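Chains, contacts and geometry: an overview
Residues per chain, in single letters:
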Amino acid sequence: MNIIDIHPHIISDDEKRYPPAPLFGKRSDWSQERPCTVETLIAAMDAAGVHKAAVVHSSTTYGFDNSYVVDGCKQYQDRLAAVGSVDMLADDVPAVIQHWAARGLAGLRIFTGGSTKDFDPSELDHPKSFQAWEVLSDLGIPMCIQTGPVGLPQVAMLARKFPKVNIILDHLGRPDVLDGPPYRNADSLFALADLPNIYLKLTPRIFGDVAKGEASAETFFPQVVGRFGAQRLAWGSNFPTSPGTLSEILATAQQGLASLSAADQAWVFGKTAQKLYPTLA
C-alpha cells in the first residue's frame, strides 16, 4: 500500500526569505515549538513509510503567503503537492487563485478558526467569496475547510451550490462522539453524507476522541464508512502540529482503522488522496 498523508505542515527555518505573518495576528505555538522544514518532513515520511503527501500551508504562520509551501513542495514534486490559503473575500481573489495555481498549488484551504481563534463560519457563506468558488470549479481545485459543527450548515450550502468542487472537511468538522453509538451528537456530520462532493479528513483529533467517553474506534469508523464510503475518507497526520513522530501518528491511525476491511483501508490511506490530488497518483 502506498500511504499518502493529506495534512502535514512545513515551516521554513529562513525567516528572512519566508517571514512569519500569521492570520489573525497570532502565531500558533506549535509552529514555534515544533517547526518542520520540507527536508524534515521528507525524512519523517521516509522513516514512517509514507510515500507521498499533500502539504497544508500554515495560515497561523504565514497568513495568505503560500510561498514556502509552494517552493518546498516543488523541491520534491514527485512526492509532494501544495495546499494553500487565500483571502476569499478579497476583490482580486480569482486572479490570486490563478496566480498560485500557476505556481503549482494543487488545493486550497479555508481556516475559519482553530488553534489561535474561535470558529467564525461567516466567511463561508459570504456572497463575496462565491467568485473564488467559481474559479475552483473551473480549475478543478479541491477546498479544505477547517471548521467545527457550527459551520456545517454553510459547508452543506457550498457543496450544493458548487457541486464540481470537492470539499474536504478537516478533522471531520470536529464532531462530538463522546455519547457513543449510534452517535446522535454527530448527526450534523452524518447529515452531509448525501452530498457526494464532501470528503472527510481523518486526523489525530478524531483518533483521540474515539478513545474517550462511550466512543470507540470499532463502533465509530465503520459507521462513518457505512454512511460516506471509504472512497470519501482520507488520512491526514497533522504533523508536526499534533505531538509525536509521524511514525507514531500513522501507527495510531492504522490501529484505529483496523476494524475496516483491507480494501477500505487502502482508500483511506492512499487511493482517496490520489483522487483528490491527481498529481499524487
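Not measured: the values here are computed from a predicted model.

**Concerning the overall build of the protein**
Within the protein, the secondary structure is distributed over 12 helices and eight strands. Relative to the globule expectation of 19 Å for 281 residues, the C-alpha radius of gyration of the protein, 17 Å, shows essentially globular dimensions. With the principal axes as the frame, the protein shows a C-alpha extent of 50 × 45 × 35 Å. Relative to its full complement of 281 residues, the protein shows a buried share of 57%. Counting contacts in the protein only where the partners sit at least 6 residues apart, residues at least 24 apart contribute 79% of the total. Surface accessibility of the protein: about 11,300 Å² in total, with carbon and sulfur atoms responsible for 50%.

**With respect to the sheet that holds strand S6 (residues 167-169)**
Spatially, the eight strands line up as an open sheet ordered S1-S2-S3-S4-S5-S6-S7-S8, and their pairing is parallel. The sheet terminates laterally at strand S1 (3-5) and strand S8 (233-235), the two strands that pair on one side only. Within this sheet the neighbouring strands show an average axis-to-axis angle of 25 degrees, counted without direction. Sheet topology places S1 next to strand S2 (residues 50-56); three bridges connect them, and they run parallel. Bridge assignment links Asp5 to a residue of S2, and that residue is Ala53. On the sheet, helix H11 (residues 246-256) packs against S1, S2 and S8 and is oriented at approximately 150 degrees with respect to S8.

**Focus on the pattern of salt bridges**
A full pass over the atoms with the stated rule returns eight salt bridges. Residue Lys201 pairs with Asp170 through a salt bridge whose shortest N-O separation is 2.7 Å. Of this pair, Lys201 sits in strand S7 (residues 198-202) while Asp170 sits in the loop between S6 and helix H8 (187-190), placing them 31 residues apart in sequence. Residue Asp170 is classed as buried on the basis of its relative accessible area of 0%.

**Some words on the nonpolar core**
In terms of nonpolar packing, the biggest core is built from 83 residues, with Trp133, Met143, Leu200, Phe220, Phe221, Phe228 and Trp235 touching the most fellow members. Beyond its immediate sequence surroundings of up to four residues, Phe221 is in contact with Leu202, Ile206, Phe207, Val210, Gly256, Leu257 and Leu260. Ranked by size, the runner-up nonpolar core spans 14 residues in total, among them Ile4, Ile6, Tyr199 and Ala234.

**Digging into the packing of aromatic side chains**
By convention here, two paired aromatic rings are described through the distance between centres and the angle between planes. Enumeration according to the criterion identifies nine aromatic pairs in this entry. Residues Trp133 and Phe162 carry aromatic rings whose centres are separated by 5.7 Å and whose planes lie at 20 degrees to one another, so their mutual orientation is stacked. Of the two residues, Trp133 sits in helix H6 (residues 130-139) while Phe162 sits in the loop between helix H7 (152-161) and S6, which places them 29 residues apart along the sequence. The two residues Trp133 and Phe162 agree in class, both being buried. These aromatic residues form a ring-pair network of at least three members: Tyr183, Phe190, Phe207, Phe220 and Phe221.

Parameters at a glance
- Residues numbered from 1 in each chain as written.
- Predicted model: local features only at pLDDT ≥ 70, side-chain atom pairs only at ≥ 80, totals over all residues.
- Heavy atoms only, no water.
- Helix = DSSP H or I, 4+ residues; strand = E, 2+ residues; numbered from the N terminus.
- Rg over C-alpha atoms; globule rule 2.2 N^0.38 Å.
- Buried < 20%, exposed > 50% of the residue type's maximum accessible area, 1.4 Å probe, protein only.
- Contact = heavy atoms within 4.5 Å.
- Areas by Shrake-Rupley, 256 points an atom, 1.4 Å probe, with all protein chains shown as cover.
- Pairing = 2+ DSSP bridges.
- Axes fitted to C-alpha atoms, helices over the stretch in contact; angles between N-to-C directions.
- Salt bridge = Lys/Arg side-chain N within 4 Å of Asp/Glu carboxyl O.
- Core = buried A, V, L, I, M, F, W, Y, C linked by side-chain atoms within 4.5 Å.
- Phe/Tyr/Trp six-rings, centres within 6.5 Å; stacked < 30°, edge-to-face > 60°.

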